[in-house]
Amino acid sequence: MPNRLKLNARVKGKSLSLIVNGKPHQVPSADAEMPLVHLLRNDLELTGTKLGCGKGECGSCTVLLDGQPIRSCLTPVSAAVGKSVTTIEGLGSPAQPHPVQAAFITEQAAQCGYCTAGMVVESAALLARNTQPGLDEVKEALDGHLCRCGSHQRVLRAVLRASGREQP
Ligand code: FES
């Protein structure tokens, strides 16, 4: 059964409205306190967002809420009602990647890839508010994102590439 039909079938009485990647969704009010990451991954099948620690400590679940990066493992669905959620899938497409996505590919900044979506989303938010961040600003923005593979140098180069700055 397609996602939307599955979701609509579960709606009984009052439902919650939110926009995900530009598309409106109705969510059962019973799901209001569920962490947003579960709605995204399990109901909407937007599995680019990863669940890591589930405690707000690793950054892998980062998505944008009205353009601001948030930890979707700590954010209840109710906090996104009436707002716009952007996941890694909503930033760009294989045919038209976001500049950060394109730069991550060029710099081969993903290793196992588990942390990558969160880092890309966080970096896109950084470039939206500061088109020319310095290296220290990129480091600060990505400070809460853990990567066990050690891809940090490539990630920094990718974000600076996306901003048009020279790579370190
Ligand atoms: Fe949300 Fe780690 S899964 S911060």
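In this text the structure is predicted, and so the values were computed from the model without any measurement.

About the thresholds
- Going along each chain's sequence as written, the residues are numbered from 1 onward.
- Local features in this predicted model are restricted to residues whose pLDDT is 70 or higher, and side-chain atom pairs enter the listing and the counts only when it is 80 or higher, whereas totals over whole chains, interfaces and linings include all residues.
- Based on all heavy atoms of the structure, the side-chain values leave hydrogens and waters out of the count.
- Here, a strand pair is defined by DSSP locating no fewer than two bridges between the strands.
- For the purposes of this entry, the term helix denotes a DSSP run of H or I that reaches at least four residues, the term strand denotes a run of E that reaches at least two, and both are numbered from the N terminus.
- In this description, a line fitted to the C-alpha atoms serves as the axis of each element, helices being fitted only across the stretch in contact, and the angle between N-to-C directions of two axes falls anywhere from 0 to 180 degrees.
- In what follows, a contact means two residues having at least one pair of non-hydrogen atoms within 4.5 Å.
- Rotating anticlockwise by less than a right angle from the far helix to the near helix defines a left-handed crossing, while the corresponding clockwise rotation defines a right-handed one.
- When residues are sorted by character, Ala, Val, Leu, Ile, Met, Phe, Trp, Tyr, Cys and Pro go into the nonpolar class, Asp, Glu, Lys and Arg into the charged class, and all the rest, Gly among them, into the polar class.
- A helix is expected to span 1.5 Å multiplied by its residue count minus one.
- Whether a residue is buried, partly exposed or exposed follows from its accessible area with a 1.4 Å probe, protein chains only, as a fraction of its type maximum: under 20%, in between, or over 50%, in that order.

A separate point is the sheet that holds strand E2 (residues 23-28). One open sheet holds the 5 strands; their spatial order is E2-E1-E5-E3-E4, and the pairing between them is mixed. Edge strands, defined here as strands with exactly one partner in the open sheet, are E2 and strand E4 (68-71). The sheet shows a mean angle of 40° between the axes of neighbouring strands, taken without regard to direction. Bridge count between strand E1 (residues 15-20) and strand E5 (residues 84-86): 2 bridges; the pairing is parallel. Bridging from a neighbouring strand, Val 20 pairs with Val 85 of E5. Contacts from helix H2 (residues 36-43) reach E1, E2, strand E3 (62-65), E4 and E5 within the one sheet, and its direction differs from that of E1 by about 75°. Where helix H5 (residues 116-129) meets the sheet, it contacts E3 and E4, and its direction lies at approximately 35° from that of E3.

For any two helices packed against each other, the geometry comes down to the angle between their axes and how far apart the axes lie. Where H5 meets helix H7 (residues 152-163), the axes come as close as 11 Å, and the angle between the chain directions of the two elements is 35°. Regarding H5 and H7, the two cross each other, and that crossing is right-handed. Residues Met 119, Ser 123, Leu 126 and Leu 127 of H5 lie in contact with H7, whose contacting residues are Val 155, Val 159, Ala 162 and Ser 163. Its residues assigned to classes, the contact of H5 with H7 comprises 6 nonpolar, 2 polar and no charged.

If you check H5, its first and last C-alpha atoms are 20 Å apart, about what 14 residues at 1.5 Å a residue would give, namely 20 Å. By the criterion of burial, H5 is predominantly enclosed, with 12 of the 14 residues buried. The set of residues buried in H5 consists of Thr 116, Ala 117, Gly 118, Met 119, Val 120, Val 121, Glu 122, Ser 123, Ala 124, Ala 125, Leu 126 and Leu 127. Buried residues along H5 sit in contact with E3, E4, helix H3 (88-91), helix H4 (99-106), helix H6 (135-141) and H7.

Not every positive phi belongs to a glycine, and Glu 45 is a case in point at roughly 55°. By the element assignment, Glu 45 lies in the loop between H2 and E3. Its relative accessible area of 47% is what places Glu 45 among the partly exposed residues. The phi dihedral of Asp 66 falls on the positive side, at around 50°, and the residue is not glycine. When you line up the elements, Asp 66 lands in the loop between E3 and E4. Asp 66 gets classed as partly exposed once you look at its relative accessible area, which sits at 46%.

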